[in-house]
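# Structural overview
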Amino acid sequence: MIHLDWKDRETIKTVKCIHTNAAKYMVNNVLTEGNTYDVKNETEEFYFVVDNTGKVGGYYKDYFEA
């Protein structure tokens, strides 16, 4: 159950948010264009980052540049 301690885990890398123009979801409430975020976990399709709410959320990689 890796998701229970993601916030306390070591940061893998940092990524910069390049846009918040989501077709389906409202990500502009939790991500800010131009900010950098700590990546706690990564899959092929998603980054799991500590967002503006202070919690870990999963977002498509196309919102970020590595």
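Placed above this text is the structure.
Notes on the structure in this doc start here. (Residues numbered from 1 in each chain as written. Predicted model: local features only at pLDDT ≥ 70, side-chain atom pairs only at ≥ 80, totals over all residues. Heavy atoms only, no water.)

### Overview of the overall build of the protein
Regarding its fold elements, the protein presents zero helices and five strands. At 11 Å, the protein has a C-alpha radius of gyration in line with the 11 Å of a compact globule built from 66 residues. Principal-axis analysis of the C-alpha atoms gives the protein an extent of 30 × 20 × 20 Å. In the protein, which comprises 66 residues, the share counted as buried stands at 30%. Contacts in the protein between residues far apart in sequence, at least 24 positions, make up 41% of those at least 6 positions apart. Total accessible area on the protein stands at roughly 4500 Å², and carbon and sulfur atoms take up 46% of it. Averaging the locations of the 8 positively and 11 negatively charged side chains of the protein gives two centres separated by 3 Å. (Helix = DSSP H or I, 4+ residues; strand = E, 2+ residues; numbered from the N terminus. Rg over C-alpha atoms; globule rule 2.2 N^0.38 Å. Buried < 20%, exposed > 50% of the residue type's maximum accessible area, 1.4 Å probe, protein only. Contact = heavy atoms within 4.5 Å. Areas by Shrake-Rupley, 256 points an atom, 1.4 Å probe, with all protein chains shown as cover. Lys, Arg positive; Asp, Glu negative; His and termini not counted. Charge placed at Lys NZ, Arg CZ, Asp CG, Glu CD.)

### Describing the pairing of strand β1 (residues 13–17)
Taken together, the four bridges between β1 and strand β2 (residues 36–42) define a ladder with antiparallel strand orientation. Within the sheet, the bridge partner assigned to Lys-13 lies in β2 and is Val-39. Relative to strand β5 (residues 64–65), β1 runs antiparallel, the two sharing two bridges. By the bridge assignment for β5, Cys-17 is matched with Phe-64. (Pairing = 2+ DSSP bridges.)

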